[in-house]
Each structure stands twice: as C-alpha cells, then as structure tokens.
Amino acid sequence: MKHDNNLKVGSFFAGLGGICLAFKQAGFELAWSNEIDKAACKTYRANFDHLLIEGDICDLSPNDSRLKHVDVITGGFPCQAFSIAGYRKGFEDERGTLFFKMLAFIDKFKPKALFFENVRNLKSHNNGKTYAKIKSELEKRGYVVTERVLDTCEYSQLPQHRERFYIVCFKNKKKAQWFEEHGWPHKIDQKKRLAFDNIVDPVADDVHYFDRYPWYYNIAIKEVDDPKAFYQWRRVYCRKNKNGVCPTLTANMGGGGHNVPLVMDSKGLRRLTPQECLRLQGIDDKKFVFPEDVSMGARYKQVGNAVSVPVVRSIAKNILRILTEE
Ligand SMILES: C[S@@+](CC[C@H](N)C(=O)[O-])C[C@H]1O[C@@H](n2cnc3c(N)ncnc32)[C@H](O)[C@@H]1O
C-alpha cells in the first residue's frame, strides 16, 4: 500500500488545534484553518505554522484566494446547541446552524473525505431529525456517510470518559465501505489505560487549590478521601469517578461550580491544571505551548473544547490509508 504524505487538510472551528494535531500526526499536511476566538487563535499560532484565518466562518468566502485546494475538510463544529448541558435548541440556536456554513466550502473544494466531531447528543437531538438533516445535506453532495459514538476511555489509553459523535464521509463508495468495516478504532484492553500518576502531578501551583474558598472546600472535603481518584464537583456534592477515569473535560471547568474534575493531593483539594487537562486529551504538554497572555480560563476552555487526539489520530490514519490506496 502506497502512502501519500501530501494529502492536504482544511480545518474549520479549529480551537487550539486538537483535530489538526491528530491529522498532522497521522501524516496529513495542514493547509489552512479558521477560528473566531482570539485567545484560541493565539494558542493555535504558538503551535502551528500554516495559515490560520482568524474570524467568523460567516465572513469567509469559499473563493478567498488564501484558501488553497484541500483533500479533506474537518470541523469540530460548536456543540453547545446540541449538548445535554446546553439548551438543546439545535438549529434554532445560531451555533447549531454553523455546520451548514461549511457546505459552501465543501461545494467549492469537493474534498475526497470529510471529518466532523460533536457531542454524543447530536445523534439523537430532536428525535434524530437534526442529524438526519446534516446527513442528507452531505449525501446530496455525493458523500457516503459513516458515523460512530466513541468513548475516549474505551478507544484509547486515556483515562477520560468522553463520549463523542464522529462522522467520516467519503466521495468514493468503496473507500467508505472499507472505512465502515475496518477504519473505526477498536476497543483497547482496559489494562493498558494510563494510570492516575501518568496524568496527575503530585502537587500544583497554589492558584489551583480550593482552600481559598472555605465554603467550597468544606462541602467537598467530606466526600473526597482517595488521593488516587478523579472526583467530579456537581454543584452541591462531589462524586468519585470509578475505575480511575476522569469525567469529561468541559469548556467551563476552569470556572468552578459545576462538573469540575477535582483531585486531592498532599497540599489539598484542587482542580486539574491545564497541563494535566492536555494530558487527558492526549496532547503532549511538554511540546504544546500556551502563550503567556492566554488567561487560565481561556486555557481550560480551549482544552475542554478540544478532542482526544489519539482517538482522532487513529481515525485520521485510516482515512489516509484508504485515500492513498490505489
Ligand atoms: C468545539 S470547539 C472545536 C475545537 C477543536 N475541534 C479542537 O480540537 O481543538 C468549536 C470552536 O468553534 C469556534 N467558533 C464558534 N463560532 C465560530 C464562528 N462563527 N466562526 C469560526 N469559529 C467559530 C469556537 O471559538 C471554538 O473554538
């Protein structure tokens, strides 16, 4: 089988670049990306050197001369409108309609393959009608659409519970069939999962501890006694997560108050650091850079919004494999 390293990717809703990193690691070349959030763009630029167009996808034209031809388009489109934690408004919500903004670019470049990632709830949202509409728009354009819900802790060594809906489409029916049968990741042996100590540092900077907030600390401390476990702060109580797996990292976990992953170490009760969150997404925190002027809150938001890189990388490797097969 011949591998062509020059297949090019265009990426929408790039965030800090989780999907981009996975496609790059799989062997694709990143051609261009688009992202609206200033802080996410700063982080992205500190880690990638190809073209990043900062701005609203709605203001970007498919005929923009900066956008060179690509073989694959990716989009981890905004998920708030579909997530259970959000308002479930779907396409009534502006963020839910952003998926359709990608169609004009798909029409222009006619990529060989497409990759999208979203929350699990997209699949069942509005009794499946939302996804049916997405799928029919892609099929209208000649794509064969395949999809899976994958939980990070089952399909990679990462100890994070993160169920996400992945959509992979091919123009070529045979390649789509191959991908459907062989391309999706397989469940890993649970014994191979990374241990708590591979993710969590023995202690962290003082800013991450809750002893500055007695009200917060007092409620949680009663329930947190295992120094080798991930806990989840659920507004009025703390829940220990089973099997050494961390609850889903979210965009607002840095703020505190709801669905915040916590750990207890020798200095006290604390939230995870952004570095530990990077590790839980399979991003090498020794190589990945947050610029100094990107705030702590923005760092948590960017990592919580990102993808689990090893899961996407294994999908991307098989997209590359089948696209480059004679
Ligand atoms: C779920 S995150 C995607 C994260 C990315 N997949 C990753 O792996 O890091 C969605 C991103 O879409 C961006 N976004 C939201 N509205 C946008 C718009 N109108 N135009 C461009 N980007 C937008 C957000 O700022 C956010 O970074």
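Reading the values: the criteria
- Residues numbered from 1 in each chain as written.
- Predicted model: local features only at pLDDT ≥ 70, side-chain atom pairs only at ≥ 80, totals over all residues.
- Helix = DSSP H or I, 4+ residues; strand = E, 2+ residues; numbered from the N terminus.
- Expected span 1.5 Å × (residues − 1).
- Buried ≥ 20, exposed ≤ 12 C-beta atoms within 10 Å, placed from the backbone.
- Axes fitted to C-alpha atoms, helices over the stretch in contact; angles between N-to-C directions.
- Parallel < 35°, antiparallel > 145°, perpendicular 65-115°, else oblique.
- Left-handed = near helix turned anticlockwise from the far one by under 90°.
- Contact = placed C-beta atoms within 7 Å.
- Nonpolar A, V, L, I, M, F, W, Y, C, P; charged D, E, K, R; others polar.
- Arc of directions from axis to C-beta.
- Pairing = 2+ DSSP bridges.

Asks: Sorry, what's going on with helix H12 (residues 309-323) here?
Replies: Along an α-helix, a turn takes 3.6 residues, which lines up residues three or four apart on a common side. With 15 residues, H12 ought to run about 21 Å at 1.5 Å a step, and its terminal C-alpha atoms sit 20 Å apart, in line with that. In terms of burial, H12 is largely enclosed, as 11 of its 15 residues are buried. For H12, the full list of buried residues reads Val309, Pro310, Val311, Val312, Arg313, Ile315, Ala316, Ile319, Leu320, Ile322 and Leu323.

Asks: Honestly, the packing of helix H1 (residues 18-26) against H12 in this entry has me stumped. Any pointers?
Replies: Relative placement of two packed helices is described by the angle separating their axes and the distance separating the axes. Across the interface, H1 lies against H12 with an axial gap of 8 Å and an inter-helix angle of 45°. The pairing of H1 with H12 is recorded here as oblique in orientation. Our pair here, H1 against H12, has a crossing hand that is right-handed. Within the contact between the two elements, H1 uses Gly18, Ile19, Leu21, Ala22, Phe23, Gln25 and Ala26 and H12 uses Val309, Val312, Arg313, Ala316, Lys317 and Leu320. Here the contact of H1 with H12 is composed, by residue class, of nine nonpolar, two polar and two charged.

Asks: I'm lost on helix H2 (residues 38-47) in this one. Help?
Replies: When H2 is considered as a whole, its buried residues turn out to be Ala40, Cys41, Thr43 and Tyr44. Seen from one end, H2 has its buried residues packed into an arc of 165°, which puts them on one side.

Asks: I tried to follow the sheet that holds strand E5 (residues 113-119) on my own but got confused; where do I start?
Replies: Backbone hydrogen bonds are what pair the strands of a sheet, in a parallel or an antiparallel way. Read across the sheet, seven strands follow the order E3-E2-E1-E4-E5-E7-E6 without closing on themselves; strand pairing throughout is mixed. Every interior strand has two partners, whereas the edge strands, strand E3 (51-54) and strand E6 (144-151), have only one. Each strand of the sheet is rotated relative to its neighbour by a mean of 15°, with strand direction disregarded. Note that strand E1 (residues 8-12) and strand E2 (residues 29-35) share four bridges and pair parallel. Its bridge partner being in E2, Ser11 is matched across the sheet by Ser33.

Asks: What should I look at first to understand the pairing of E5 in this one?
Replies: For a regular strand, the rule is simple: side chains alternate between the two faces of the sheet. Within E5, seven of the seven residues are buried, which leaves the element mostly enclosed by the surrounding structure. Relative to E5, strand E4 (residues 72-75) runs parallel, the two being bridged by four bridges. Within the sheet, the bridge partner assigned to Thr74 lies in E5 and is Phe115. The sheet contact formed by E5 and strand E7 (residues 163-170) spans seven bridges and is antiparallel. Of the residues in E7, the one forming a bridge with Glu117 is Tyr166.

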